[in-house]
Amino acid sequence: MPAVTTERRQHARSRTLIGAQIIFNQRRSTLDCTVRNLSEHGALLVLSDAVSTPELFELYLPLKRESRMVRARWRDGARQGVEFTRPAKLDDEPAPLDLLHRLKQLEQENAQLKARIAQLTEAG
């Protein structure tokens, strides 16, 4: 007799293969993971090792340029089911992590421009 599986999700998920990062410990710690399925309300994550994650953490999806707060719902070895704790942003505003990367890039460009101005004024 074949095994019967019961679907407990309230919302259908799309199968995916998206690289992501789990961010926690006040943004000082990250873990790489793969998102294997995704819906408006949650996701299935696969971690490379059966490592422990906090109950609440940030999930950053670089491909989608999106960062979401999630709550761990269940764990089975390297697989972890999570639900999003707040809805996705409806506008195209970059996620906070994107803003931090952009800020760092602009600070580097600013330092390069200042160095170039100094060179040009010395050569005067």
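Preceding this paragraph is the structure being described.
In this text the structure is predicted, and so the values were computed from the model without any measurement. (Residues numbered from 1 in each chain as written. Predicted model: local features only at pLDDT ≥ 70, side-chain atom pairs only at ≥ 80, totals over all residues. Heavy atoms only, no water.)

Draft legend 1. A look at unusual backbone geometry. The backbone of Gln 26 sits at a positive phi, close to 55 degrees, despite the residue not being glycine. With respect to the element layout, Gln 26 can be found in the loop between β1 (14-24) and β2 (29-38). Take Gln 26: its relative accessible area is 66%, and that puts it in the exposed class. Although it is not a glycine, Arg 27 adopts a positive phi angle of roughly 65 degrees. Secondary-structure assignment places Arg 27 in the loop between β1 and β2. (Helix = DSSP H or I, 4+ residues; strand = E, 2+ residues; numbered from the N terminus. Buried < 20%, exposed > 50% of the residue type's maximum accessible area, 1.4 Å probe, protein only.)

Draft legend 2. Quick peek at the environment of Leu 31. When you line up the elements, Leu 31 lands in strand β2. Take Leu 31: its relative accessible area is 21%, and that puts it in the partly exposed class. As a C-alpha pair, Leu 31 and Asp 49 span 18 residues in sequence and 9.9 Å in three-dimensional space.

The quantities given are spatial measurements derived from coordinates; they are silent on function.
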